[in-house]
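What follows is the residue order along each chain.
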Amino acid sequence: NPPVCTTQISLPALSNVNGIDLIYNNGNWYGFVGDITNGNILRIDFGHRLDSALTPTITHLNFTYSIQTPISIEVRKDLDSFYVFVTDFSNHVIELLLGNDITNPNPSSVGFSSPLFNNPWGLCINKFCNSWTALVTNFSDNNIERLTFSNGLYNPPVISNLGVNNTTMSSRGIDLITEGCNIYG
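Keep in mind it's a predicted model, so treat the numbers as computed, not measured. (Residues numbered from 1 in each chain as written. Predicted model: local features only at pLDDT ≥ 70, side-chain atom pairs only at ≥ 80, totals over all residues. Heavy atoms only, no water.)

## A word on the sheet that holds strand β4 (residues 57-60)
Taken together, four strands build an open sheet; the order of strands is β1-β2-β3-β4 and the sheet is antiparallel. Both edges of this open sheet fall to β1 (17-25) and β4, since each of them pairs with a single strand only. Adjacent strand axes in the sheet meet at a mean angle of 20° when their direction is disregarded. Across four bridges, strand β3 (residues 41-47) lies against β4 in antiparallel orientation. Note that in β4 the partner of Ile-44 across the bridge is Ile-58. (Pairing = 2+ DSSP bridges. Helix = DSSP H or I, 4+ residues; strand = E, 2+ residues; numbered from the N terminus. Axes fitted to C-alpha atoms, helices over the stretch in contact; angles between N-to-C directions.)

Next up, the structure:
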C-alpha cells in the first residue's frame, strides 16, 4: 500500500522549520525542531501516539547560548541525561543538556566551535563500542568533521577532519551505521 501523508501539527510559533528529531521515552513521544529565521528550538510533546488522535503541545526551550540558524537536530540519551545537538550554520554545534528530564524547558547549553566548521549542516550522532561519535557535514566546503566524545556526551568532543571532500555537490545530510566497532557514514 502506498503511504498516506497527513498534516499532524501546525507550528505557528515557527516561521521556517528546519531539522527535526523524535525520541520515545517512558511511553511518550517528543520531537525537537528548529526555526532558521530566529534561532528558536521547540519541543513538541506528542503524548503516547504520533497520530492525529492527540493534540501535541509545543514548548519553547530557553537557554543561554545564542543559536543563529539551526539546521540539523539530534536528540540522544546518555546514562540518565538527555542531550539535544544542533548544527548552527554560523559555524557551531550546540549541545543542550536537558538533564534527566526530557521536558526540561530551561536546558543548560554549550557551543562547540572549530576552524574546521564551514557552515555546518548535516549531523548524525550515535554510540559505537562505548564511545559517542558525531559526523557533521559542512555546506560551504563539503568536508566532513568527526566529533568524538570519548568519555560521554557531557564532556567536550575532540573535533577532527575526516579528509573527505565531496567536490561534485554540496554535502547536506549524513547518517552513521556500524558493523562491529567499524563506523560507516
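Additional details are given in the paragraphs that follow.
## Focus: the confidence of the model for the protein chain
When the pLDDT values of the protein chain are averaged, the result is 85; 89% of them are 70 or greater. Within the protein chain, the element-level pLDDT minimum falls on strand β14 (residues 182-184), averaging 71, and the maximum on strand β6 (residues 81-88), averaging 95. (pLDDT = per-residue confidence, 0-100.)

## Digging into the environment of Asn-126
Relative to the helices and strands, Asn-126 is located in strand β9 (residues 120-128). Judged by its relative accessible area of 22%, Asn-126 is partly exposed. Residues Asn-126 and Ile-183, spaced 57 residues apart in sequence, show a C-alpha to C-alpha distance of 9.8 Å. (Buried < 20%, exposed > 50% of the residue type's maximum accessible area, 1.4 Å probe, protein only.)

## Describing the nonpolar core
One recurring pattern in soluble globular proteins: nonpolar side chains tend to sit buried together. Core analysis: the largest hydrophobic core is formed by 16 residues, its most contacted members being Ile-23, Phe-32, Ile-41, Ile-73, Val-84, Leu-96 and Ile-102. Those elements giving two or more residues to this core turn out to be β2 (28-35), β5 (70-78), β6 and β7 (92-99). Excluding its chain neighbours within four sequence positions, the residues that come into contact with Phe-32 are Gly-19, Ile-20, Asp-21, Ile-23, Leu-42, Arg-43, Leu-61, Ile-73, Val-75, Val-84, Leu-98 and Ile-102. By size, the runner-up hydrophobic cluster in this structure holds 14 residues, among which are Phe-85, Ile-125, Val-136 and Leu-147. (Core = buried A, V, L, I, M, F, W, Y, C linked by side-chain atoms within 4.5 Å. Contact = heavy atoms within 4.5 Å.)

## So, the pairing of β6
Across the eight residues that make up β6, a large majority, eight, are buried. Of the two faces of β6, the one holding Ser-81, Tyr-83, Phe-85 and Thr-87 and the one holding Phe-82, Val-84, Val-86 and Asp-88 are both buried throughout. Sheet analysis places β5 next to β6, joined by seven bridges and oriented antiparallel. Bridging across to β6, Pro-70 finds its partner in Asp-88. The antiparallel pairing of β5 with β6 creates a hairpin that spans two residues between the two strands, and Leu-79 there sits at a positive phi of about 55°. In terms of strand pairing, β6 meets β7 through seven bridges, oriented antiparallel. Paired with Phe-85 across the bridge in β7 is Glu-95. Linkage of β6 to β7, two consecutive antiparallel strands, is achieved through a turn of three residues, within which Asn-91 is found at a positive phi near 75°.

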